[in-house]
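Below, each chain spelled out in residue letters.
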Amino acid sequence: MEKTIDILCIGEVLIDFIGHEVNTSINRTKDYHRFLGGSPTNVAVNASRLGLNSVLVATCGQDGLGDYIVRKLKANNVNTAHIRKSDSIPTSVIFVSKSTETPDFIPYREADCHIIQTQLSDEVIQQAKIFHTTCFALSKNPARDTILNRAEKAKELGLQLSIDINFSERIWPDREEAKQVIKDYLKNDPLVKLSEDDCYRLFAELKSEDYIFDYFHNLGASTICLTKGKKGVVLSDVTKGLFFQEAIPISEIKDATGAGDAFWTGFLYAQLKNKELEESISIAQKLASIKLQNVGRLPDGINFEDYLIAK
């Protein structure tokens, strides 16, 4: 079967209400601007902006915010055939402080976790190259069972799996349960993206890079990408070893929300283009640096292929 889908993103779709004042706590923020949000949603939109064919499998409410989500996805050429609108549960929303560091947030989770198996058939999986999800998406049922079931099918059908371990105890209070579910997903050998903040939250203490890489390699992941903000990126691969790259210097960070998703979209894009790991990190960093300098989605008017892939 011809692979017509580059990236199949399964997980949370929601509305981010991002504070208008920079580096102001949520309790002092007066104005919020509405954005399409959710980590797999961002990856699907970014991938489409890079000229890839992306499909989002997600659930929102049959309401005004759900209509906004579908309209925005269509405007970004994301395939919405597998978005389910629930009649009984409203669209999930998250209030986020605008920050140049890791943003503060308050989640109001409703429809996002109601992803069911009929949304993702074997036939659709078979048409895809990459199957991507997140810790956030795995944190609640029925989405968790759906994603774990469909991930096994994806592995069986030869897809490259991927996960952003965007763990937060506010989303998933039971750390031990989270570790078990991550273990269930990692046995499919996904490409793993995680940040220092994610690790600190997951382990509830600071862990060394060696500990982090050993932990996730032992669960079955061959390639692990650890992002460290201004301190750069470290990638560990079981066959090719360790790679470190310094962060691209940015004079003014305008919005850190979604930077990790931009980074990971760039990495997956590079992998689809059969780039080596080191070049994949460079491409990922370039895309993240564009995002950090822009509020909301990636800007228009950039020829991403020329910009990202050095001739």
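Sequence order as written defines residue numbering, which begins from 1 separately in each chain. Only residues with pLDDT of at least 70 get local features here, since the model is predicted, and only at 80 or more are side-chain atom pairs given and counted; chain-wide, interface and lining totals rely on the full set of residues. Note that the side-chain values use all heavy atoms of the structure and ignore hydrogens as well as water.

**Q** What's the story with the nonpolar core in this structure? I'm lost.
**A** One broad trend across soluble globular proteins is that nonpolar side chains are buried collectively. Take the buried residues of types Ala, Val, Leu, Ile, Met, Phe, Trp, Tyr and Cys, join any two whose side-chain atoms come within 4.5 Å, and each joined set is a nonpolar core. Three labels apply to residues, based on accessible area from a 1.4 Å probe with only protein chains included: buried if under 20% of the type maximum, exposed if over 50%, partly exposed otherwise in between. Judged by nonpolar contacts, the single largest core of 46 residues is most densely connected at Leu-56, Leu-73, Phe-267, Leu-287 and Leu-308. Note on definitions: a residue-residue contact is assigned when non-hydrogen atoms from the two residues lie within 4.5 Å. Setting aside its immediate chain neighbours within four residues, Leu-287 contacts Leu-50, Ala-262, Thr-265, Gly-266, Leu-298, Phe-304 and Leu-308.

**Q** What's the story with the side chain of Ser-48 in this structure? I'm lost.
**A** Strands are runs of DSSP state E lasting at least two residues, helices are runs of H or I lasting at least four, and both sets are numbered from the N terminus onward. Note that Ser-48 resides in helix H1 (residues 39–49). A relative accessible area of 11% means that Ser-48 is categorised as buried.

**Q** In this structure, what is going on with the pairing of strand E5 (residues 83–86)? I would like to understand it.
**A** In the case of a regular strand, side chains alternate between the two sheet surfaces. One ladder, built from four bridges, connects strand E4 (residues 54–61) with E5; its direction is parallel. Bridge assignment links Gly-61 to a residue of E5, and that residue is Ser-86. For the crossover from E4 across helix H2 (residues 64–75) to E5, the handedness is right-handed. Here, a strand pair is defined by DSSP locating no fewer than two bridges between the strands. Handedness rule for crossovers: strands pointing away from the viewer, path from the first strand over the helix to the second running clockwise, crossover right-handed.

**Q** Can you help me understand the layout of surface pockets in this one?
**A** One way to see where empty space is left: roll a probe the size of a water molecule over the atoms. Lining residues are defined by having an atom within 4 Å of a point belonging to a cavity or pocket. Those points lie on a 1 Å grid over the protein atoms alone, cavities being sets where a 1.4 Å probe fits but cannot get out and pockets being open sets with protein on both sides within 12 Å along at least five of seven lines. Grid points are joined across faces, edges and corners, and a volume is the space filled by probe spheres set on the points. The volume enclosed by the second largest pocket comes to roughly 350 Å³. Put simply, the parts of the chain that give the lining of the second largest pocket at least two residues each are strand E2 (14–22), strand E3 (32–37), H1 and H2.

**Q** Which parts of the structure should I look at to understand the pairing of strand E11 (residues 223–227)?
**A** Judged by how many residues are buried, E11 sits mostly within the fold: five of five residues are covered. In the sheet, strand E10 (residues 191–195) pairs with E11 via four bridges, with the strands oriented parallel. When the sheet's bridge partners are listed, Leu-194 is paired in E11 with Leu-226. Sheet topology places E11 next to strand E12 (residues 233–237); five bridges connect them, and they run antiparallel. Within E12, the position partnered with Thr-227 by the bridge is Val-233. The hairpin turn running from E11 into E12, its antiparallel successor, is five residues long, and Gly-229 in that turn takes a positive phi close to 60°.

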